Amino acid sequence: MANKEEIALNLARTPLFTVVQELKARLTSFGGWEMPVQFSGIGKEHEAVRTNAGMFDISHMGKFTLQGKNLVAQLQRLVPSDLSRLQANQAQYSVLLNSEGGIIDDIIFYYQGEDNTGLQKGFIIVNAATTAKDKAWLLEHLDTKEIEFQDLSTEKVLLAIQGPLATEILQKFVEEDLTPVKAYGHLDATVLGQPAFLARTGYTGEDGFEVMVEPSVGIELWQKLIEAGVVPCGLGARDTLRLEAAMALYGQDIDDTTTPLEAGLGWLVHLDSKGDFIGRKVLEQQKANGVQRKLVRLQMQGRNIARHGYPILSAGEKVGEITSGTLSPTLGYPVALAYVPTELAKVDNQLEIEIRGKTYPATVVKRPFYKSTSRVSK
């Protein structure tokens, strides 16, 4: 069996890896990368994002630039969302679908607009573990004679600065005024005197920005943000934060066997305002006939945590499994996500979770578990 050192040799590392090591972060394998799971502790890092500001090295995520005269029209065929609605410097969270309506990956498309020659430009950010799969899918279904595709996944640093004070602190290092930027807005900016791409998006349920820069700029920005009081955070806090906000994790809560309608992502599906796209027929059928299962939010009664894979019971019969679960640091009680039959998915419905041979009560609750009061509107 390979030891930790041998495993680490096979993992990719972001340009911030040395800086992370110097902070004595606890490391883990994630999506083919060696990443920090925590620095000062998941609880402290989680609290920093909820009350002040924390930052994450998310350089492991896939980063694609695309440009072409028919870029939006071509991407329209690959997602259920109507991208034609986007104005320049707006973004759309969406999903790539297979022919069965299953989710290949969840993505964000950042539309940068059209120049005076009709050339449309944009970024797509994808999950780290699915970068190669997504790239292959996009290149297979886009007309590369019309669309110029560039993979910047290993060339750029991507930082997420999140929390009620994140924008205020980040502004110290950005020349452009960030105040007018709305949620899911983005801009080309100047960070520490160098070109940067900034987007008011994130995966924590809090306000903040994601910043894409050259590696040397990213390292300098990371250090300056620490000096300004921003707390370095790892994947552990990222997971507890996104789960409190009821945000799905690809590979656990959504995958190529789940459709957006089953996953509670119906707001991404714009059947009435756009033409054909991969997976449309399946979604039309589900819209007309209803889905057989739904992703629900569960609140545990007591302190027992429902972990990934734990069985869900109703009237003594197994009806599903937990996809994600944790003790919510903000709320103080365990929360979880899971797929259950549609008839059991109503808010306030009572279910049971099997934990080490015993069953414990859980209640279906509204989405999300936690909602920030500091987030800006779109």
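Identification of the protein chain as Aminomethyltransferase from Calothrix parasitica NIES-267 is taken from an unreviewed UniProt entry. As its UniProt record puts it under Subunit (unreviewed entry), the protein chain is described as follows: "The glycine cleavage system is composed of four proteins: P, T, L and H." Its UniProt record gives the protein chain the following Sequence similarities (unreviewed entry) comment, quoted word for word: "Belongs to the GcvT family."

With that settled, consider the overall build of the protein chain. Within the protein chain, the secondary structure is distributed over 9 helices and 19 strands. Its C-alpha atoms give the protein chain a radius of gyration of 21 Å, near enough to 21 Å, the size a compact globule of 378 residues would have. Principal axes of the C-alpha set define a box for the protein chain whose edges measure 60 × 50 × 50 Å. Taking all 378 residues of the protein chain together, the buried fraction comes to 55%.

Sheets are built from strands that pair by backbone hydrogen bonding, the pairs being arranged parallel or antiparallel. Around the barrel, 6 strands lie side by side as β14-β17-β16-β15-β18-β19; this closed barrel has antiparallel pairing. The sheet shows a mean angle of 45° between the axes of neighbouring strands, taken without regard to direction.

The feature "domain: GCVT N-terminal" (unreviewed entry), as given by UniProt, occupies residues 17–272 in the numbering adopted here. Secondary structure across residues 17–272 divides into 24% helix and 31% strand, with the first and last C-alpha atoms of the span separated by 46 Å.

Moving on, we come to the domain arrangement of the protein chain. Taken domain by domain, the protein chain comprises domain 1 (4–59 + 156–245) and domain 2 (61–139 + 259–289). For domain 1 versus domain 2, the separation of C-alpha centres amounts to 25 Å. The interface is formed by 17 residues belonging to domain 1 together with 15 residues belonging to domain 2. Each partner contributes to the roughly 1300 Å² buried at the junction of domain 1 and domain 2, and carbon and sulfur atoms together form 66% of this total.

Mapped onto this numbering, the UniProt entry gives "binding site: substrate" (unreviewed entry) at E210. Relative to the elements of secondary structure, E210 occurs in strand β12 (residues 208–213). The exposure class of E210 is buried, given its relative accessible area of 10%. Side-chain polar atoms of E210 contact the side chain of Y110, separated by 3.4 Å.

What counts as what
- Residues numbered from 1 in each chain as written.
- Predicted model: local features only at pLDDT ≥ 70, side-chain atom pairs only at ≥ 80, totals over all residues.
- Heavy atoms only, no water.
- UniProt positions renumbered as here; feature names shortened; annotations may be inferred.
- Helix = DSSP H or I, 4+ residues; strand = E, 2+ residues; numbered from the N terminus.
- Rg over C-alpha atoms; globule rule 2.2 N^0.38 Å.
- Buried < 20%, exposed > 50% of the residue type's maximum accessible area, 1.4 Å probe, protein only.
- Pairing = 2+ DSSP bridges.
- Axes fitted to C-alpha atoms, helices over the stretch in contact; angles between N-to-C directions.
- Domains from an automatic or database assignment.
- Contact = heavy atoms within 4.5 Å.
- Buried area = accessible area lost by both parts, 1.4 Å probe.
- Polar contact = N/O pair within 3.5 Å; in protein donor to acceptor, adjacent residues only side chain to side chain.

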